[in-house]
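# Close look at the chain arrangement
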Amino acid sequence: MTNEAILKVFFGLIVVGCAIWTFVSMAEKKYGNREGLGTEEIYPFAWVPFLGGLSSGLSSVGTAETIFPVLERVYKLNVHRAVATTVMVEAIAGYVATSINIWEGQIRWDVAIFTMTGVLCGGQLGPILNRFAPEAVLKILFSMFVLLTGAKMIADNLSIIIEMMY
């Protein structure tokens, strides 16, 4: 069986790669300009959101970090549409996961209530920022958050892997 720390470092590297990919596209001034996609266009990369969702379920990270770059960079959706689509996917996944965790009694309500305050504030500010912020600003913010998430995941778990080796 593979150690959980190895999987988290591996996924952390993918997340950092997605952040760099998004930042590079911003530096190259490559922005999506499409409003929508044909269904047949989605199929070649349908495995990316699946892996993002799988990793999100396993490690609580992954959906936005993998879906946003694909929507914006591969499918050329404009940044505002890509952000809104990613938020919707995460919301549905969050509702399903939350329902299961409530059913199983796994939620630490003292921590959840404290954290929900920030999420609710961010959930109100995010759409406003998405509506008015220039695409370059959104891409930089997204890249920085994703880069920090991936780097923290790597840093937290790399020491565990090194300890296992010795």
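Above this note sits the structure.
First, a word on scope: everything that follows refers to the structure included in this document. Within every chain, residues take consecutive numbers counted from 1 along the sequence as written. This being a predicted model, a pLDDT of at least 70 is required before a residue's local features are given, and a value of 80 or more before pairs of side-chain atoms are given or counted; all residues contribute to the totals for chains, interfaces and linings. As a rule here, side-chain values come from all non-hydrogen atoms in the structure, and water together with hydrogens is ignored.

## Things to note about the packing of helix α1 (residues 4–27) against helix α7 (residues 135–165)
Where α1 meets α7, the axes come as close as 7 Å, and the angle between the chain directions of the two elements is 155°. It follows from the interaxial angle that α1 and α7 lie roughly antiparallel. As for the relative orientation of α1 and α7, their crossing is left-handed in sense. Note on residue classes: Ala, Val, Leu, Ile, Met, Phe, Trp, Tyr, Cys and Pro are nonpolar, Asp, Glu, Lys and Arg are charged, and everything else, Gly too, is polar. Considered class by class, the residues forming the contact of α1 with α7 number 22 nonpolar, six polar and two charged. Lines are fitted to the C-alpha atoms to define the axes, a helix being fitted only along its stretch in contact, and any angle between axes, read from their N-to-C directions, falls within 0 to 180 degrees. A run of H or I in DSSP counts as a helix once it spans at least four residues, and a run of E counts as a strand once it spans at least two, with each numbered from the N terminus. Orientation labels follow simple angle bins: below 35 degrees gives roughly parallel, above 145 gives roughly antiparallel, 65 to 115 gives roughly perpendicular, and whatever is left gives oblique. Helix crossings get a hand from a simple test, with the near helix turned counterclockwise from the far one by less than a right angle marking a left-handed crossing and a clockwise turn marking a right-handed one.

## With respect to the side chain of N157
Note on placement: N157 falls in helix α7. Each residue gets one of three labels from its accessible area relative to the maximum for its type: buried under 20%, exposed over 50%, partly exposed in between, using a 1.4 Å probe on protein chains only. Residue class for N157 comes out buried when judged on its relative accessible area of 10%. Any two residues whose heavy atoms approach within 4.5 Å at even a single point are treated as in contact. Sequence-distant contacts of N157, defined by excluding residues within four places in its chain, comprise A5, K8 and V9.

## Let's talk about helix α6 (residues 109–132)
Between its first and last C-alpha, α6 extends 34 Å over 24 residues, near the 34 Å set by a 1.5 Å rise per residue. The bend at a residue is defined as the angle formed between two axes, one fitted to the seven residues ending at that residue and one fitted to the seven starting there. Taken as a whole, α6 carries its principal kink of about 25° at M116. The span one expects for a helix is its residue count, reduced by one, times 1.5 Å.

## Points about the nonpolar core
Among the nonpolar cores identified, the biggest contains 17 residues, and F68, L71, F142 and V146 are the most heavily contacted of them. When residues of this core are traced back to their parent elements, those giving at least two are α1, α4 (63–74), α5 (79–103) and α7. Discounting chain neighbours no more than four positions away, the residues touching V146 are V15, A19 and E65. The definition of a nonpolar core used throughout is a set of buried Ala, Val, Leu, Ile, Met, Phe, Trp, Tyr and Cys residues joined through side-chain atoms within 4.5 Å.

## Quick notes on unusual backbone geometry
For K76, which is not glycine, the phi torsion reads 65° and is therefore positive. Within the secondary structure, K76 sits in the loop between α4 and α5. With relative accessibility at 40%, the residue K76 sits in the partly exposed group.

## Regarding a nonpolar patch on the surface
A cluster of nonpolar side chains, namely I102, W109, I113, M116 and L120, defines an oily patch on the protein surface of about 520 Å² accessible area. Per-element accounting of the nonpolar patch gives the leading share, four residues, to α6. When you line up the elements, I113 lands in helix α6. Owing to a relative accessible area of 51%, I113 belongs among the exposed residues under this scheme. Here the term patch refers to residues with relative accessible area over 30% and no salt bridge, with like charges joined within 9 Å and nonpolar side chains (Val, Leu, Ile, Met, Phe, Trp, Tyr) within 5 Å. The method behind every accessible area is Shrake-Rupley, applied with a 1.4 Å probe, and residues are considered shielded solely by the protein chains displayed. Salt bridge, as applied in this entry: a Lys or Arg side-chain nitrogen positioned within 4 Å of an Asp or Glu carboxyl oxygen.

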